[in-house]
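# Examination of the molecular architecture
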Amino acid sequence: MRLFLFLSLLSTGVMAHATQQDNQHKHGTGQLSMVFSGAEFSLSLTAPSADIVGFESHAETDEDRAKVAVAISDLSKPLELFVLAEDAGCFTASANVALTSEGIVDQTQVAESSDAPDEDAEHSEFRADYVIQCQDIAALTTIEFAYFSRFERAQSLEISIALPDSSHEFEVTRATPLIDLTGL
């Protein structure tokens, strides 16, 4: 019985560590989730600040603060980053953008990764939440990602799309910045 309990605890720890590593902050890759409901959909974007402004530490200079302000302004205009068919008649109902810090890298991650940052490194990221409303949601057949043109360090977005009766996973990249929604 004790052996079973020990093995259960050990496997739980291994799975938790693997999950933590899978969700690690990865430069060049952001996440975008989309949830469709009727004539509107919400988008939630998370992207490493290094991809957006070129650094992860706190903005310490006036130039860095200006980069953050411009990035927040650009991220506040989702229909310039995620281009939708004009026929759909979509508009931004709300946009909320923030720069957040994940805090200090713990010593375990530093010891286990040869390319991990030093123990005082921070992982900042931009988080944006949008609500988009469309006059004709059926006309929304593609999404073009001008996001990659605006943020040159961004390489890919892992995308999850939730529809009322199904969900889908995609990856868009700088080389393939388009999703075809017609088959969903």
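So, here is what we can say about the structure in this document.

Conventions used here
- Residues numbered from 1 in each chain as written.
- Predicted model: local features only at pLDDT ≥ 70, side-chain atom pairs only at ≥ 80, totals over all residues.
- Heavy atoms only, no water.
- Core = buried A, V, L, I, M, F, W, Y, C linked by side-chain atoms within 4.5 Å.
- Buried < 20%, exposed > 50% of the residue type's maximum accessible area, 1.4 Å probe, protein only.
- Helix = DSSP H or I, 4+ residues; strand = E, 2+ residues; numbered from the N terminus.
- Contact = heavy atoms within 4.5 Å.
- Polar contact = N/O pair within 3.5 Å; in protein donor to acceptor, adjacent residues only side chain to side chain.
- Salt bridge = Lys/Arg side-chain N within 4 Å of Asp/Glu carboxyl O.

This part takes up the nonpolar core. Among the nonpolar cores identified, the biggest contains 38 residues, and Phe82, Tyr130, Phe145 and Tyr147 are the most heavily contacted of them. Broken down by element, the residue count for this core peaks at five residues, all from strand 5 (residues 122-134). In this view, tyrosine 147 contacts Leu45, Ala47, Ile52, Leu81, Phe82, Ala154 and Leu157; residues no more than four positions away in its chain are not counted.

Further remarks concern the side chain of threonine 29. Take threonine 29: it is sitting in strand 1 (residues 29-37). On the accessibility criterion, threonine 29 (9% relative accessible area) is buried. Among the polar contacts made by the side chain of threonine 29, one reaches the side chain of serine 156 at a distance of 3.1 Å. Ignoring anything within four residues of it in the chain, the contact list for threonine 29 reads Pro48, Asp51, Ser156 and Glu158.

A complete count under the given rule lists four salt bridges for this structure. The salt bridge partner of aspartate 62 is arginine 65, with a shortest N-O separation of 2.8 Å. With aspartate 62 and arginine 65 both in helix 3 (residues 62-75) and three residues apart, this pair spans about one turn of that helix. Note that glutamate 63 and lysine 67 form a salt bridge whose closest N and O atoms lie 3.9 Å from each other. Taken together, the residues glutamate 63 and lysine 67, both in helix 3 and four residues apart, mark about one turn of the helix. Looking at glutamate 63, the relative accessible area reads 54%, which means it is exposed.

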